[in-house]
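An overview of the molecular structure
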Amino acid sequence: MRFRGAGGALIWAILLAPCVANAQDTLADLGELSRQAFELLNASRAEADLAPLRWDPSLSRLAVRHSRDQANRRRVSHHSYEFGLSTERRIHISFPHVPRLAENVARNRSVESLHEALLRSPGHRRNRMDPEFTHVGIGLARVDPYVLYLTEIFVTAPPHGTLDQPVAFYFDAAPGSYEQRDDPRVELAGQTIIVGPPGPDDPEHWTVIGINAYESGELAAAEEAFRTALALDPGYFFAQYNLARVLVDSGAAAAAVGLLDELLERDPGDLTALVTRGNAALLLEDFAAAEGYFRTVLSERPADAVSWYGLGLALEYQDRRADAEAAYRQALRADPTLRAAQVGLGRVMREPSSRHHTPGLLPSGYTLHASYRLAAGQATATLCRWESAKRY
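Attention here is on the structure that accompanies the text.

Rules used throughout
Residues numbered from 1 in each chain as written. Predicted model: local features only at pLDDT ≥ 70, side-chain atom pairs only at ≥ 80, totals over all residues. Heavy atoms only, no water. Core = buried A, V, L, I, M, F, W, Y, C linked by side-chain atoms within 4.5 Å. Buried < 20%, exposed > 50% of the residue type's maximum accessible area, 1.4 Å probe, protein only. Helix = DSSP H or I, 4+ residues; strand = E, 2+ residues; numbered from the N terminus. Contact = heavy atoms within 4.5 Å. Lys, Arg positive; Asp, Glu negative; His and termini not counted. Salt bridge = Lys/Arg side-chain N within 4 Å of Asp/Glu carboxyl O. Polar contact = N/O pair within 3.5 Å; in protein donor to acceptor, adjacent residues only side chain to side chain. Expected span 1.5 Å × (residues − 1). Pairing = 2+ DSSP bridges.

1. Things to note about the nonpolar core
Counting 56 residues, the largest nonpolar core has Leu-260, Leu-282, Tyr-309, Leu-311 and Tyr-328 as its most contacted members. For this core, the leading source of residues is helix H8 (residues 237-249), giving 9 residues.

This is how it looks when you write it as structure tokens:
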């Protein structure tokens, strides 16, 4: 969420949830879901004795395009990386005279989950319940069966009470037209647009640096960048989640637990945080807790190979070998190429069932570490595996 009022202050918050496979809703389906989100929003305003917001198709066009930008990059952001524009710049290109505006961005598994999570977040709720906003545009995009990317754009109409026709849309220009130059100004429809990526006073700037460092395997640099982002805005959920993920990958699972539990307290349905919390529990050898986290995820994402694999590990190290075998087989049904599940299945089928795990000690001959796969620049936890020190 980003808010800009008369004083120009910015308030940020990001709601996170998982990303897994590949699917595409029709535009009609997404349009219907957007209308559903609009109805839920106005129902909540009515409960608070607030006037309903008016749907604006031009604002919704802006919201749809930004949601697609986020979905394509699998990254929740107020910044358009396709065009290099912030929230204010994208909206003011179309509506240069609106006195107030705000934007919520989020991802979750359904319209209902998005609505509930946004209302639980103080910053997002403030935008949705602001009595001065008069119009809203809502846009959704989806890249897999489990995740919807949402953009909500709120504006206050000029004094005459109606929104003018949009001057232009930022996507009227070709991608790359707004690239940062020595003079970061671009003319569009008679307007001078200042462009460029988020600066060092913006938590997103440091979060992007952290993700790039993580992708390069520079965990210490990534941790420092995420901590810098959180120092600028302690409520920047995206940096908080990524810091927890880096701590898990660094073997500091205990330090990650507090961050993850705080995220889950804010949004108990955050399945991405639940997967990473399950990974942390595995690293801490709390296998019963890990089992619970992965089962919760699988109740919502039954085709999630990674969570089936994590469940298999949790069951295997509770000496529930038949259950572990079934979990590994489910992982391979969902993703036959998941090598770690192949190894796990071979292990439980081959080794004697008399091995018992002593709390606080790793099973003989095994080491535990976390591994992640990055998709399209979005750091997404996908694998936490036990690997035998032996060769098979």
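2. Describing the environment of Leu-50
Looking at where Leu-50 falls in the secondary structure, it is placed in the loop between helix H1 (27-47) and strand E2 (54-55). Each C-alpha atom, one on Leu-50 and one on Glu-132, is 9.6 Å from the other, the two residues being 82 residues apart in sequence. Not counting chain neighbours up to four residues away, the residues in contact with Leu-50 comprise Arg-45, Met-129 and Pro-131.

3. Some words on the side chain of Arg-45
You can see Arg-45 is positioned in helix H1. No salt bridge is formed by the buried Arg-45; the nearest opposite charge belongs to Asp-130, separated by 6.5 Å. For Arg-45, the side chain forms a polar contact with the main-chain oxygen of Ala-51, separated by 2.8 Å.

4. Remarks on helix H12 (residues 305-316)
Spacing of three or four residues puts side chains on the same side of an α-helix, whose turn is 3.6 residues. In this model, H12 (12 residues) spans 16 Å end to end at C-alpha, consistent with the 16 Å of a helix rising 1.5 Å per residue. Within H12, 12 of the 12 residues are buried, which leaves the element mostly enclosed by the surrounding structure. Turning to H12, its buried residues number three or more, namely Ala-305, Val-306, Ser-307, Trp-308, Tyr-309, Gly-310, Leu-311, Gly-312, Leu-313, Ala-314, Leu-315 and Glu-316. With a side-chain oxygen lying 3.2 Å from the backbone nitrogen of Val-306, the N-terminal cap of H12 falls on Asp-304.

5. Some words on the pattern of salt bridges
In the structure shown here, the tally under the stated rule is 14 salt bridges. Of the charged contacts in the structure, one is a salt bridge between Glu-103 and Arg-90, with a shortest N-O distance of 2.9 Å. Here Glu-103 is found in strand E3 (residues 100-108), whereas its partner Arg-90 is found in helix H3 (residues 87-94), with 13 residues between them in sequence. Accessibility classification places Glu-103 together with Arg-90 in one group, the buried group. If you follow the salt bridges from partner to partner, you end up with Glu-291, Arg-295, Arg-320 and Asp-323 in one network.

6. Examining the pairing of strand E5 (residues 147-156)
Along E5, 10 of the 10 residues are buried, which leaves the element largely enclosed by surrounding structure. Residues Val-147, Tyr-149, Thr-151, Ile-153 and Val-155 line one face of E5 and the alternating positions Leu-148, Leu-150, Glu-152, Phe-154 and Thr-156 line the opposite face, and both faces are buried. The pairing of E3 with E5 spans 9 bridges and is classified as antiparallel. Bridge pairing in E5 places Asn-108 opposite Leu-148. In this structure, strand E4 (residues 135-144) lies alongside E5, joined through 9 bridges in antiparallel fashion. Directly across from Arg-142, in E5, lies its bridge partner Leu-148. In textbook terms, the turn of a hairpin is the stretch between consecutive antiparallel strands, and for E4 and E5 this stretch comprises 2 residues.

Function cannot be inferred from these measures alone, as they are strictly geometric.
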